[in-house]
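# Remarks on the overall topology
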Amino acid sequence: LLPLIFLGTFFTTRNLRLRNQDSWPSLEPGPLDFEQCTPPEVFQLTQAHEAISNQMETLFKNSTLRLSEADQLWLEDCFESPNLGCVTYVCESSNIGSCTNPSVGGFYTTIEPEKVFLCLDNIAQRNQDKTRFACRTQELMLHEVAHALRFETFANHSLGYNGDKVYRLGRAVFDLCLQE
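Residues numbered from 1 in each chain as written. Predicted model: local features only at pLDDT ≥ 70, side-chain atom pairs only at ≥ 80, totals over all residues. Heavy atoms only, no water.

### Some details on helix α6 (residues 165-179)
The following threshold applies: The way it works is that DSSP assigns letters per residue, a run of H or I at least four long becomes a helix, a run of E at least two long becomes a strand, and they are numbered from the N terminus. Helix span, as expected, comes to 1.5 Å for every residue beyond the first. Categorising residues by exposure relies on relative accessible area from a 1.4 Å probe, with only protein chains included: less than 20% of the type maximum marks a residue as buried, more than 50% marks it as exposed, and the intermediate range marks it as partly exposed. When checking whether two residues touch, look at their non-hydrogen atoms; a contact exists if any pair is within 4.5 Å.
For α6, built from 15 residues, the straight-helix expectation of 21 Å at 1.5 Å per residue is met to within 8% by its first-to-last C-alpha distance of 21 Å. All of the buried residues along α6 are K165, V166, Y167, R168, L169, G170, A172, V173, F174, L176 and C177. At its buried positions, α6 is contacted by α2 (39-61), α3 (69-79) and α5 (130-148).

Next comes the structure, spelled out in structure tokens:
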């Protein structure tokens, strides 16, 4: 427990030097956390989290993402290791809330800023191929975590891909996943 407290303090202190502490969430790394997820969903999300973690250096080298040093530090904090995360992943059923729309793969709400909601049923329905499902899950996971970290979004973000930083991050990890 002591090393985790130290890690959380280290990451928070490091990030506060780079971000205005009043305008950024106080998400701290901790053990991966899941809510409402079945054991197979936990396994799928853990694999996706690990895959994103393994791609961080490649993502940081991608100049089209235009990630600042602060952006990179936040992402490192959330994906630095396969066992640490900075949000709780919530598995939503396709018959609840935003997930009732079959085109929604995930969402983030400022009401619960430490949680990322994923509609795995919808992702599976639209991505029958096992590889595409895994890659789409990574894309949506990183996309929603970027929302939780309050990365740049454009006014028309909810209308679909528009090239803002949140969409670019998700698309980049999706493309890397397909190349593997």
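Resuming the write-up.
### Things to note about the nonpolar core
Inclusion rule: Definition of nonpolar core: a set of buried residues of the types Ala, Val, Leu, Ile, Met, Phe, Trp, Tyr and Cys, connected through side-chain atoms within 4.5 Å.
Ranked by size, the top nonpolar core spans 38 residues in total, and within it L45, L75, F79, Y89, V145 and F151 carry the most contacts. Of all elements in the fold, only α2, α3, β4 (88-91), β6 (115-118), α4 (120-126), α5 and α6 reach the threshold of two or more residues within this core. When residues of this core are assigned to their parent elements, the largest contribution, 7 residues, is made by α5. Other than its neighbours up to four places away in sequence, V145 contacts C78, F79, C86, V87, Y89 and V116. Counting 6 residues, the second largest nonpolar core, distinct from the first, contains V90, V104, F107 and F117.

By themselves, these figures tell us nothing about what the structure is for.
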